[in-house]
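# Close look at the chain arrangement
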Amino acid sequence: MTDRLSADASGPISASADAGRSKLILALLLACSLLVLLVVPQYLNSYWLRVLTQVLMVAVLASSWNVIAGICGYFSFGNVVFFGIGAYTTAVLMSQFDVSFLVTIPLGGIVAAVFAVLIGLPLLRLRGHYFAIATLGINLGAREAVTNLDWTGGGKGIWLQIPDMEPHAFSLYVFYMMGAMLAVTVAGVILLLRSRAGYAMRAIRGNETSAAVLGIDTTFYKVLAFAISALFSGMAGSIYIFWMGYIEPGQAFDMALNIQFVMAGLMGGLGTVVGPLLGAAVLQIFSELIWSHFLQIHLGVLGLLIILVVLFMPNGLISLMPWRRK
Amino acid sequence: MSETILQLKNLSRHFGGVAAVEGVDVEFPKGAIVGLIGPNGAGKTTLLQLISGVQMPNAGNIVFKGEDITRKRAHERARLGIGRAFQVVQPLTGMNVIENVTVAALFGRNGATRGVRQAREFSLDILNRVGLLAKRDNYMSALTLADTKRLELARALATEPELLLLDEVMAGLNQSEVAMQMDFLRAINASGLTMIVVEHVMKAIMSISDIILVLHHGRKIEFAPPNEVARNPEVVRAYLGARYAEPA
């Protein structure tokens with residue numbers, strides 16, 4: 001008994017010191033980025049504000065996707081459908097019912113989450129790859145449905161009233177809204193990972209048969225992960241339509257955007273809190289720089305970069321961080 | 001033997017035309033260590049799959065503590081008190097040792113009464129008992145085979161089962177590890193836990209079991225104490241080999 005205790009003694013102390021240090025690094029990083037986010041935008045022109053808002057949005061979507069794909073291990077390849085549903089919820093409520101923008105944000109998330117539960121209940125009873133393919137189909141289906149409905153404006157889409165704000169102030173407002181959305185999403189993911197639901201979802205990713213035999217209602221927690229993923233994605237969609245002032249089906253259910261946040265998640269590191277954020281920032285900013293320097297071949301260069309990251313860092317950019325060890 | 005904890009009534013499971021388990025009728029006494037033996041393909045693992053709810057039977061009923069659980073799903077059975085350690089270890093990859101056990105403590109029989117913090121503390125205690133405490137922060141790649149078997153057992157125990165299904169938890173262990181494992185199983189049995197143990201290490205199963213269920217081609221051919229099983233000519237023919245047929 002005594003030797004077991006003494007053998008342990010070195011373990012927890014060094015581990016907790018390590019954890020303490022990584023927490024400090026993380027806190028410093030957070031404080032710095034918060035400062036940057038609060039101060040710098042005032043001095044940015046609208047172009048860069050727009051780029052950064054896009055970074056924040058992709059970060060929200062990548063983090064949301066991370067909940068179902070990274071934490072729970074179920075690859076949903078049509079997650080952009082929730083973004084689209086959130087966007088349309090806000091568009092319809094604002095244009096036809098004069099609901100104020102801020103009120104529509106949570107509603108956009110809730111409508112998307114309810115939709116996730118409805119499609120998740122039949123789909124997530126299945127295991128494995130069917131789910132990935134089915135979600136792809138659902139996004140296409142939703143896009144077709146919205147195109148053919150009257151009250152969604154059909155293929156013509158919906159225009160919102162131009163907000164009564166000076167353009168740069170408007171850009172700043174949207175930037176901070178999206179920043180707040182990202183903060184909410186990240187806080188949600190952190191809380192989730194610490195909760196029993198988080199343990200259940202990670203267990204499902206680890207081994208679904210074991211998870212069930214250990215007492216986890218796997219269908220319930222898979223649907224929950226899907227709904228949380230949809231909630232944050234839908235809210236991001238709500239902010240997006242307000243930002244653009246216009247929505248049409250191709251833009252709301254855009255597979256190119258879907259690919260962006262999936263790539264951001266994979267590149268940054270799935271299953272972690274910071275990975276998708278890192279991936280979104282690196283991918284979006286690189287994409288912007290490459291685009292401005294290699295106008296003709298920018299997708300080729302970007303593709304090459306992604307291949308290199310996936311080849312040499314299968315766990316994502318997050319594995320470069322000093323506090324990650326495995 | 002007194003009370004019955006688990007009753008299988010005419011239980012069958014077919015895979016296409018193959019009967020993996022066929023009309024098995026048996027009552028497991030509470031508090032016993034039941035050895036489950038039979039040649040390869042006799043249906044031992046399938047029987048455990050049916051009891052734990054990983055697979056559903058084609059016919060028959062399962063009654064646990066007087067309640068018919070035939071249609072209950074795996075996680076519901078775990079909460080009722082049926083624990084399981086797999087033959088091929090099934091760790092939750094991406095989670096370290098303590099997290100693997102914490103999941104079991106959070107979702108097992110008394111899981112709903114615990115928060116994450118209490119579940120972790122409870123898990124530390126279990127890891128201490130199986131001798132894995134020092135490796136609690138390790139991931140699967142850093143564990144030996146014996147360690148993963150211990151982890152499998154620790155996780156099953158953390159669900160606080162009343163009936164524990166153990167599928168070859170000694171396979172691949174060396175002599176002294178088998179001896180340790182047997183002592184450990186006896187100790188947890190002494191606390192009142194009923195166990196169904198599938199094992200190929202014949203000496204171990206004969207010495208540890210109170211009663212032995214012999215399956216052959218999915219059918220029950222004997223359910224008796226070890227010494228009787230060893231004398232049953234049908235069992236010997238099916239499985240044990242001539243060496244065990246001679247009187248001791």
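A brief report on the enclosed structure follows.

What counts and how
- Residues numbered from 1 in each chain as written.
- Chains lettered and ligands numbered in written order.
- Predicted model: local features only at pLDDT ≥ 70, side-chain atom pairs only at ≥ 80, totals over all residues.
- Core = buried A, V, L, I, M, F, W, Y, C linked by C-beta atoms within 7 Å.
- Buried ≥ 20, exposed ≤ 12 C-beta atoms within 10 Å, placed from the backbone.
- Helix = DSSP H or I, 4+ residues; strand = E, 2+ residues; numbered from the N terminus.
- Contact = placed C-beta atoms within 7 Å.
- Pairing = 2+ DSSP bridges.
- Axes fitted to C-alpha atoms, helices over the stretch in contact; angles between N-to-C directions.
- Parallel < 35°, antiparallel > 145°, perpendicular 65-115°, else oblique.
- Left-handed = near helix turned anticlockwise from the far one by under 90°.
- Nonpolar A, V, L, I, M, F, W, Y, C, P; charged D, E, K, R; others polar.
- Expected span 1.5 Å × (residues − 1).
- Bend = angle between axes of the 7 residues up to and from the residue.

## Describing the nonpolar core
The biggest cluster of nonpolar side chains holds 160 residues, and the ones touching the most others in it are A:Ala59, A:Ala203, A:Ala225, A:Ala236, A:Ile239, B:Ala154 and B:Val197. Broken down by element, this core gets its largest block of residues, 17 residues, from helix H9 (residues 218-244) of chain A. Once residues lying within four places of it in the same chain are set aside, the contact partners of A:Ala59 are A:Leu182, A:Pro276, A:Leu277, A:Ala280 and A:Ala281.

## Re the sheet that holds strand E5 (residues 67-68) of chain B
Residues and elements named next belong to chain B. In space, the four strands of this open sheet follow the order E2-E1-E4-E5, with antiparallel pairing throughout. At either end of the open sheet lies a strand with only one pairing partner, and these are strand E2 (18-29) and E5. Pairing geometry for strand E1 (residues 4-15) and E2, over eight bridges, is antiparallel. Looking across to E2, one finds that His14 is bridged to Ala19. Against the sheet, helix H1 (residues 44-52) contacts E1, E2 and strand E4 (59-64), and its axis sits at roughly 65° relative to E2.

## Topic: the packing of helix H3 (residues 80-97) of chain A against H9(A)
When two helices pack together, you describe them by how their axes are tilted relative to each other and by the distance separating the axes. Residues and elements named next belong to chain A. Where H3 contacts H9, the two axes come as close as 6 Å, and the packing angle between them is 50°. Considering the angle they form, H3 stands oblique to H9. Between H3 and H9 lies a crossing of right-handed hand. Touching Phe82, Phe83, Gly84, Ile85, Gly86, Ala87, Thr89, Thr90 and Ala91 of H3 are Ala230, Ser233, Gly234, Met235, Ala236, Gly237, Ser238, Tyr240, Ile241 and Phe242, all from H9. Of the residues contributing to the contact of H3 with H9, the split by class is 11 nonpolar, eight polar and no charged.

## Looking at helix H2 (residues 46-71) of chain A
Given 3.6 residues to a turn, an α-helix orients residues that are three or four positions apart in the same direction. Residues and elements named next belong to chain A. Helix length check: H2, at 26 residues, gives a terminal C-alpha distance of 35 Å against a target of 38 Å (1.5 Å per residue), a fit within 8%. Along H2, the sharpest change in direction is near 35° and occurs at Trp65. Of all 26 residues in H2, 20 are buried, a share of seventy percent or more. Taken from the residues just after H2, Gly73 is the one with a positive phi, measuring 80°.

## Focus on the environment of A:Ala31
Mapped onto the elements of the fold, A:Ala31 is located in helix H1 (residues 2-39). Of the residues examined, A:Ala31 has 10 C-beta atoms within 10 Å and is grouped as exposed.

## Focus: the interface of chain B and chain A
The interface of chain B with chain A comprises 27 residues on the first partner and 27 residues on the second. When residues of the side of chain B that touches chain A are assigned to their parent elements, the largest contribution, five residues, is made by helix H3 (residues 97-107) of chain B. Broken down by class, the residue content of the side of chain B that touches chain A amounts to 14 nonpolar, nine polar and four charged.

## Here's the deal with the sheet that holds strand E10 (residues 219-224) of chain B
Residue and element names in this part refer to chain B. One open sheet holds the six strands; their spatial order is E6-E7-E8-E3-E9-E10, and the pairing between them is mixed. Of all the strands in the sheet, just strand E6 (82-85) and E10 have a single pairing partner and so form its edges. Each neighbouring strand pair of the sheet contributes to a mean axis angle of 15°, computed without reference to strand direction. Where strand E3 (residues 33-37) meets strand E9 (residues 211-216), four bridges bridge the pair, whose relative direction is parallel. Bridge assignment links Leu36 to a residue of E9, and that residue is Leu213. In the packing of helix H5 (residues 145-158) onto the sheet, contacts are made with E6 and strand E7 (163-167), and the angle to E6 comes to roughly 175°.

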